[in-house]
Amino acid sequence: MVRASEQEQESYRSRLFNFKWRNNDNNSTTRHNKSLSVETGLDEAATGSHDAEPLTIIHPSQGPPLSRSAADEAALAALAAAQAREKQLLADMEQMKERFSKLLLGEDNSGGGKGVSSALALSNAITNLAASVFGEQRRLEPMPAERRARWRKEIDWLLSVTEYVVEFAPSQQKNKDGTNMEIMTTRQRTDLHMNIPALKKLDAMLIDCLENFKDQSEFSYVSKDSPDSDGKRNDDKWWIPTVKVPPDGLSEASRRFLQYQKDCVNQVLKAAMAINAQVLFEMEIPESYIDSLPKNGRASLGDQMYKNITVDFFDPDQFLSSMDMSSEHKIVDLKNRIEASIIIWKRKMVYKDSKSSAPWASGVSLEKREVFEERAETILLILKQRYPGISQSALDISKIQFNKDVGQAVLESYSRILESLAYTVLSRIDDVLEADRAGNKRNTPMESEDETLVGSMTLSDFMGWDFDQAGNADLDSKKDLSDDPLVKEKLSVVTTKKTSYLETLGGVKSPTARH
């Protein structure tokens, strides 16, 4: 019995050897599975009874499919994600190369050397990027994820240039012998180190503010041609959708929410205005602008305007009430004249020791010239705080166009587009609040109309100037006392015309192309 069992075992081993030899060309996994099946059957036959079932060899291709483990699935998913990231990174690198190649060419793809400076090309790139991403922001709604990702990616590309704008700073180096030696090291320029992170924070605050309107459902927008539109949209904003609020008005929680968002945007607006004003002030005045100035302040202002500024008792509000500011073009022209007169008077004070035959010499004393220059600056400040969204003056455009400092160009353009976006968001919030107030007036027609509308914070508010309240009070009193319809018409123009950079056609162009 034992001998028969040993003979049967030897027979199985012989068949196993022949089976492996015939399948020697198969892959290692197949050979392992075949040998495992045969050897398992051999063991069962060796330990089993004499009348065991004959061994059946199952070919791997005919058996059940092998299940892939969870670890293999995770590894394949991670590999696919890594390949997708690498592909996206390569695409971004190619896009960045193309973008910076155009900047190096100065927006002149022909390579003929007719391009603009690197500073102006970078400023125009930031301006055009903001115009293409944000547009006019006609509604209070979150930015789409795709546009938000594009904005963050491409603005980081353009801001990365400032990391290489450096200055020398003293530092201490310890030698091997223990002695200290003072050396000069490089660091990011101070103005960029302070203002770029601040502007990025303001940028994030504005986007978060728009994101907060994701779940609001109390007001909606209807187009101008919609039957639900009341058709009472102002002519200067005819393309903006009309806000529709419930018949009973907004809830108290929604009003508090809107007021809180308005206060936050106000903070962003005044901070961006302060940074932009400081950067423009530090830019050098181009020689081409100086050469275009008239000989004296009287020629720049005109006889009547010069007479109103040089009177013994000067009142800036009375001066503005006598000016025609019925359109944006006239306001910008007034700013240009006043800024030109300020530059002329300042240069004359610098050249006060020059000969009387010099071009800047005149018979006006130094003390009077200082007084005139202070009065003109006061008028200019009032104009800036009453019309924060007005187009840039000729002096500002000239500074931006001929500026060679890349760091200042980035700061000016970035703060300008954030100021424009903040003002646009603020206008959209005011539209909703105005629609709510109009609904309340219709529901309560006998309610008093003494409510004072809270306007947007401006640079004057940030700096502590209070011309607006006093000026508006004086204008109201003069308007009531005057019987002249022309005077009433002039005094009634205060801050009704506030147009954002991106709300006008000029807002989507570079500073040099707007005028």
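Residues numbered from 1 in each chain as written. Predicted model: local features only at pLDDT ≥ 70, side-chain atom pairs only at ≥ 80, totals over all residues. Heavy atoms only, no water.

Secondary structure assignment for the protein chain yields 19 helices and 4 strands. A total of 515 residues make up the protein chain; the buried ones form 38% of that total. The long-range fraction of contacts in the protein chain, counting pairs at least 24 apart against all pairs at least 6 apart in sequence, stands at 74%. (Helix = DSSP H or I, 4+ residues; strand = E, 2+ residues; numbered from the N terminus. Buried < 20%, exposed > 50% of the residue type's maximum accessible area, 1.4 Å probe, protein only. Contact = heavy atoms within 4.5 Å.)

Scanning the model with the defined rule gives 23 salt bridges in all. Notably, a salt bridge pairs D156 with R152, separated by 3.5 Å at the nearest N-O pair. Here R152 and D156 lie together in helix 5 (residues 145-159), a separation of 4 residues that amounts to about one turn. On the basis of relative accessibility, which here comes to 31%, the residue D156 falls in the partly exposed class. A relative accessible area of 28% means that R152 is categorised as partly exposed. With a shortest N-O distance of 3.0 Å, D191 and R189 are connected by a salt bridge. Of the two residues examined, D191 and R189, each falls in the buried class. Here the salt bridges do not stand alone but share partners, grouping R99, R150 and E154 into one network. (Salt bridge = Lys/Arg side-chain N within 4 Å of Asp/Glu carboxyl O.)

As a further point, take the confidence of the model for the protein chain. Scored by pLDDT, the protein chain comes out at a mean of 75, with 67% of its residues at no less than 70. Of all the helices and strands in the protein chain, helix 18 (residues 485-491) carries the lowest mean pLDDT, 41, while helix 6 (residues 190-211) carries the highest, 94. Across residues 25-61, confidence stays below pLDDT 50; counting only partners more than four residues off in sequence or on other chains, it has 26 contacts. Low confidence marks residues 353-361, where pLDDT is under 50. Its contacts with residues over four positions away, or in another chain, come to 9 contacts. (pLDDT = per-residue confidence, 0-100.)

The next point concerns the pairing of strand 2 (residues 180-188). Regular strands have side chains that alternate between both faces of the sheet. Looking at chain direction, strand 1 (residues 166-174) and strand 2 are connected through 9 bridges and run antiparallel. Paired with P170 across the bridge in strand 2 is M184. In textbook terms, the turn of a hairpin is the stretch between consecutive antiparallel strands, and for strand 1 and strand 2 this stretch comprises 5 residues, one of which, G178, has a positive phi near 95°. (Pairing = 2+ DSSP bridges.)

How two aromatic rings sit relative to each other is given by the distance of their centres and the angle of their planes. Scanning all chains against the criterion turns up 6 aromatic pairs. On the basis of an interplanar angle of 70° and a centroid distance of 5.3 Å, the ring pair of F213 and F257 is categorised as edge-to-face. Linking F213 in the loop between helix 6 and strand 3 (220-222) with F257 in helix 7 (residues 252-282), this pair joins segments that are 44 residues apart in sequence. Classification of F213 as buried rests on a relative accessible area of 2%. With a centroid separation of 6.3 Å and 50° between ring planes, the pair formed by F314 and F319 is classed as tilted. There is no split in this pair, since F314 and F319 are both buried. Taken together, the aromatic side chains of Y306, W345 and F372 make up a single cluster linked through ring pairs. (Phe/Tyr/Trp six-rings, centres within 6.5 Å; stacked < 30°, edge-to-face > 60°.)

With that settled, consider the packing of helix 6 against helix 7. One way to put it is that helix 6 packs onto helix 7 with a least axis distance of 10 Å and a crossing angle of 150°. Relative to helix 7, the element helix 6 lies roughly antiparallel. Considering only the axes of helix 6 and helix 7, their crossing is left-handed. Residues N195, L199, L202, M205, L206 and C209 of helix 6 pack against Q261, C264, V265, V268, A271, A272 and I275 of helix 7. Class assignment of the residues belonging to the contact of helix 6 with helix 7 gives a composition of 11 nonpolar, 2 polar and no charged. (Axes fitted to C-alpha atoms, helices over the stretch in contact; angles between N-to-C directions. Parallel < 35°, antiparallel > 145°, perpendicular 65-115°, else oblique. Left-handed = near helix turned anticlockwise from the far one by under 90°. Nonpolar A, V, L, I, M, F, W, Y, C, P; charged D, E, K, R; others polar.)

A word on a nonpolar patch on the surface. Side chains of L89, L90 and M93 sit close together on the surface and give an oily, nonpolar patch of about 280 Å² of accessible area. Within the element layout of this structure, L89 appears in helix 3 (residues 70-104). (Patch = residues over 30% accessible without salt bridge, like charges linked within 9 Å, V, L, I, M, F, W, Y side chains within 5 Å. Areas by Shrake-Rupley, 256 points an atom, 1.4 Å probe, with all protein chains shown as cover.)

Next up on the list: the packing of helix 4 (residues 118-134) against helix 5. Interaxial distance between helix 4 and helix 5 falls to 10 Å at its minimum, and their mutual angle equals 175°. With respect to their mutual orientation, helix 4 and helix 5 come out roughly antiparallel. On helix 5, the residues that touch L122, A125, I126, L129, A130, S132, V133 and F134 of helix 4 are R147, R150, W151, E154, I155 and L158. Partitioned by chemical class, the residues of the contact of helix 4 with helix 5 number 10 nonpolar, 1 polar and 3 charged.

Counting 56 residues, the largest nonpolar core has W151 and F219 as the members making the most contacts within it. Those elements that provide at least two residues to this core are helix 4, helix 5, helix 6, helix 7 and helix 15 (406-443). Of the residues forming this core, the biggest block, 14 residues, is contributed by helix 15. Excluding residues within four positions of it along the chain, W151 makes contact with L129, A130, V133, F134, D203, I207, Y414 and I417. I309, F319, L334 and I338 belong to the second-largest nonpolar core, a separate cluster that totals 23 residues. (Core = buried A, V, L, I, M, F, W, Y, C linked by side-chain atoms within 4.5 Å.)

Tallying each qualifying case throughout the model produces 0 disulfides. C264 provides the cysteine sulfur closest to C209, a residue in no disulfide bond, and the two sulfurs are 6.7 Å apart. C209 gets classed as buried once you look at its relative accessible area, which sits at 4%. C264 sits in the partly exposed class, given a relative accessible area of 22%. (Disulfide = S-S within 2.5 Å.)

Before going further, it helps to examine the environment of T424. Mapped onto the elements of the fold, T424 is located in helix 15. The spatial distance from the C-alpha of T424 to the C-alpha of L140 is 10.0 Å, given a sequence separation of 284 residues.

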